[in-house]
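Listed below, chain by chain, are the residues.
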Amino acid sequence: MQNWTDLIKSSYQRVLENETTHPVSFYTGIELWDKHGGIKSGELTLLAGNHMSGCTTMAIQIALSNAAKGIPVLYLSSDLSPELFLYRCFSYLAQEPLPPFEELILDATYWDALCYKYIDLVKSEHFYFYHFNEPELHEAMKTFIRFREKYDNGLLIVDRFKYDYAQDKTEAKMLLAFTEGVMQDIIGSKRGALLVAHSEMEAFHPDVEFFPHLNRVAFWRLCAEFISRTLVMKRN
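Conventions we followed
- Residues numbered from 1 in each chain as written.
- Predicted model: local features only at pLDDT ≥ 70, side-chain atom pairs only at ≥ 80, totals over all residues.
- Heavy atoms only, no water.
- Helix = DSSP H or I, 4+ residues; strand = E, 2+ residues; numbered from the N terminus.
- Salt bridge = Lys/Arg side-chain N within 4 Å of Asp/Glu carboxyl O.
- Buried < 20%, exposed > 50% of the residue type's maximum accessible area, 1.4 Å probe, protein only.
- pLDDT = per-residue confidence, 0-100.
- Contact = heavy atoms within 4.5 Å.

Phi at Gln95 takes a positive value of approximately 55°, unusual for a residue other than glycine. Position of Gln95 among the secondary structure elements: in the loop between helix H4 (82–94) and helix H5 (101–104).

See the structure below:
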């Protein structure tokens, strides 16, 4: 079984081998990542980072930028309500600090003004958001199936699984089945998938054997065989 060091090294090697022969399918907006292949169709990509590193912000940026190019995007989340998702989209588009969500949502005038200014940039016939409650992964999968039936290409973003046994969240075997199903579907297709994972790691170095927090749950190590490449973010 691969540990995180082996996974990252093997993923990097595949990037070096493929970047000159396979163009980027879905751009991330990060020059270094896109130079090395970005997110590719037919592959499962992991976006990982420590707490407050900006993984969700990056995932939203990727979703909005690809949707703006006319690429179908499905954003599945167990962590963001529809209102909070819109708030995060507005925060990214505004490129300036907004009042805290808890305060802003109570100010109908301010919220309406934000919607009026930015909603057309978020709203797209090719951009879908779906919130699901864990452990109801079957609802998330049904949404993905409807998405794939409508489009033969597109990007699936899953942000994020809480995978916390102590709080009765989704079991590892269920997550593995979900991930395996997604992987089997996108292999050889024009669809790609991005999984967003958060850890409590405060530092990252290739010589670190594991992501400490993620390693508490065996799922991510079990999924190593499905992950083609890993993008890492770190809070400065």
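After that view, the rundown keeps rolling.
As enumerated under the stated definition, the model contains four salt bridges in all. Close ionic contact of Lys123 with Asp120 constitutes a salt bridge, the shortest N to O distance being 3.9 Å. For the pair shown, Lys123 and Asp120 are each scored as exposed. The partner of Glu139 in a salt bridge is Lys142, and the shortest N-O contact between them spans 3.5 Å. Taken together, the residues span about one helical turn, with Glu139 and Lys142 both in helix H7 (residues 137–150) at a distance of three residues. Looking at Lys142, the relative accessible area reads 40%, which means it is partly exposed. Among the charged side chains, a salt-bridge network with shared partners connects Arg148, Asp185 and Arg191.

Turning to the confidence of the model for the chain, a few remarks are in order. Residue-level pLDDT values for the chain average 77, and 71% of them are 70 or greater. Counting contacts from residues 200–218, a segment whose pLDDT is below 50, to residues more than four positions away or on other chains yields 40 contacts.

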